[in-house]
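Report on the structure
Letter by letter, the chains look like this.
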Amino acid sequence: MAKTDNMAKEDKSIGSGWHFSPDAIHKPAEVDTAAPPSAGRRSFLRKGAAMAGVALAGAGGGASVAQAAKLTVPEWSRTMGKPIPPTDYGMPIEYESHYVRTRSDVFVNRQNYSDWSMSPLQKQQGIVTPNGVFFERHHNGTAKIDPEQHRLVIHGLVKRPLVFTMSDLMRYPSVSKFHFMECSGNTLTDWREPRSTTVQQSHGLLSCAQWTGVPLAWLLDEAGVDPKGKWVMLEGADGSGHLRSIPMEKIMDDVLIAFGQNGEMLRAEQGYPIRAFVPGWEGNTSVKWLRRIKVVEGPAHVRGETARYTDPMPDGKWRQFSMEMECKSVITSPSGGMTLRGGPGFYEIQGFAWSGNGKITHVDVTLDGGRNWREATLEEPVMDKCLTRFRYRWNWDGGPARIASRAKDSTGYVQPTVEDLAREREIVGFVQHHNGIYPWAVSQQGEVTNAIG
Ligand SMILES: Nc1nc2c(c(=O)[nH]1)N[C@H]1C(S)=C(S)[C@@H](COP(=O)(O)O)O[C@H]1N2
Ligand SMILES: [Mo]
């Protein structure tokens, strides 16, 4: 791909939907900073209209309007467009090539087999993460599996052990569902002090997709589960042999054997040709490159359930099987590394809220470090165990601000502060399951920085 000047200088300002044209960000012509955002939707929108572009004041007729707006006839209006090739797989335009996953810039990782890549949440539109920027977590790199050779086995405490080819599996009825996926290690670098500069680094082990697959309950029905079978072990075919035990109740409720993601077959990075998908639970339970399902009496207490994925408690013990990803939210715009260019005025605060235990029912936003909270708007659709986008219209007065969001889910659970979490758990070093309220500081210059701790 050809590099252009536009690609080279990524504009991190907000206030305009465009990344490549700093000139398009205009200071609002008239914004009544005294009026609270609740002053009425219509009047706020009317004022908001002044932000969309420069008012073409004094421009009387069509020609002068065009002149004032420099509406010349550009090259692309005078030439033929690119013809459609016989077949292709479309890629984003080169001006958007800054929309990429990145490896951690907080940890110094000497290898990239057991590694993470973070999703650029601050650039995501809507609630669905494109497959090319879906976060990755591999314990032994990305396996490349030939679907013709791959087999899935169901055995253990079942009447009829079963083996499936991929085309066998595709003949079953399937379902498609929107769900987020979050690594239990998401945000673990930023408990007591700000180590990450961007929301991609602090929260980017989070993504959301529409998953297509066969409910595992249907396959287990066919295998005939022995009443003694209360847990299910899932094993991956990658070199790490990643393994987790899941209680039968959860398996029967909503676990999928997924082969589709956002309209296409899984990407290799996400477990092609099949993975388990365990809605709302820590990412490591969604075993990729799935090859074996064993019905057992109790949990296996494998490495991923003893040495890993356990949480230190204040009494010196370690908590096992903390698999639900509890209600959490974060502001993605404005967020760390951005600048409120254009000075005081209107900015839309946006972010994500999600819960592994149900739907998001409420999100509040603070502008003053938690003293006052105001209700944000939840954007439809609001779905179970799925990212929900919230929006809040902010009239920045130009002073320093400390912004954060706080979500509530359908069980009534309210996202805690780090202090709340520290009362129940031992927060030492890099601890998993950080769903604490996450603040960003906005300076008078409009610079946004990580303000955790
Ligand atoms: N077979 C296998 N499955 C796996 C892993 C792995 O390394 N191997 N990593 C787990 C972890 S820790 C997470 S967070 C999720 C990440 O899924 P993703 O890479 O599709 O985002 O996959 C899980 N499933
Ligand atoms: Mo993970």
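For the structure itself, look to the data block above.
Everything numeric here is computed off the predicted structure, so don't read it as measured data. (Residues numbered from 1 in each chain as written. Chains lettered and ligands numbered in written order. Predicted model: local features only at pLDDT ≥ 70, side-chain atom pairs only at ≥ 80, totals over all residues. Heavy atoms only, no water.)

1. Quick word on empty space enclosed by the protein
- Tallied over the full model, the rule gives one cavity of 30 Å³ or more.
- Quantified by volume, the largest cavity comes out at close to 240 Å³.
- If you go around the largest cavity, you meet 21 residues; those closest to its centre are Arg137, Arg275, Gly283, Asn284 and Lys288.
- When residues in the lining of the largest cavity are grouped by element, the largest group, three residues, is from strand E3 (residues 136-138).
- Within the lining of the largest cavity, the residues separate by chemical class into seven nonpolar, nine polar and five charged. (1 Å grid on protein atoms, 1.4 Å probe; cavity = no way out; pocket = protein on both sides within 12 Å on 5 of 7 lines; lining within 4 Å. Points joined across faces, edges and corners; volume = space filled by probe spheres on them. Helix = DSSP H or I, 4+ residues; strand = E, 2+ residues; numbered from the N terminus. Nonpolar A, V, L, I, M, F, W, Y, C, P; charged D, E, K, R; others polar.)

2. Some thoughts on the pattern of salt bridges
- What the rule picks out here adds up to 19 salt bridges.
- Among the salt bridges present, the one from Arg244 reaches Glu282, with a minimum N-O distance of 2.9 Å. In this pair, Arg244 sits in strand E9 (residues 243-247) while Glu282 sits in the loop between strand E12 (275-277) and strand E13 (290-296), placing the two residues 38 residues apart along the sequence. The same class applies to Arg244 as to Glu282, namely buried.
- The salt bridge involving Glu264 is made with Arg267; its shortest N-O contact spans 2.9 Å. (Salt bridge = Lys/Arg side-chain N within 4 Å of Asp/Glu carboxyl O. Buried < 20%, exposed > 50% of the residue type's maximum accessible area, 1.4 Å probe, protein only.)

3. Considering the site of ligand 1
- The full set close to ligand 1 counts 22 residues, and Phe135, His139, Asp238, Arg275 and Lys288 are the nearest of them.
- Residue Arg275 places a side-chain N or O atom 2.8 Å away from an oxygen atom belonging to ligand 1.
- Between ligand 1 and the protein, one listed contact pairs a nitrogen atom with a backbone N or O atom of Ser286 at 3.1 Å.
- Within the complex, the protein chains bury 100% of what would otherwise be the 530 Å² of accessible surface of ligand 1. (Near = heavy atom within 4 Å. Polar contact = N/O pair within 3.5 Å; in protein donor to acceptor, adjacent residues only side chain to side chain. Areas by Shrake-Rupley, 256 points an atom, 1.4 Å probe, with all protein chains shown as cover.)

4. Considering the layout of surface pockets
- By volume, the second largest pocket is sized at about 670 Å³.
- The set of elements that each furnish at least two residues to the lining of the second largest pocket consists of strand E2 (115-118), helix H6 (199-203), helix H9 (303-306) and strand E14 (311-312).
- Of the residues contributing to the lining of the second largest pocket, the split by class is 15 nonpolar, 15 polar and four charged.
- Counting contributing residues, the lining of the second largest pocket receives three or more from each of domain 1 (1-10 + 17-36 + 326-453) and domain 2 (129-184 + 207-319). (Domains from an automatic or database assignment.)

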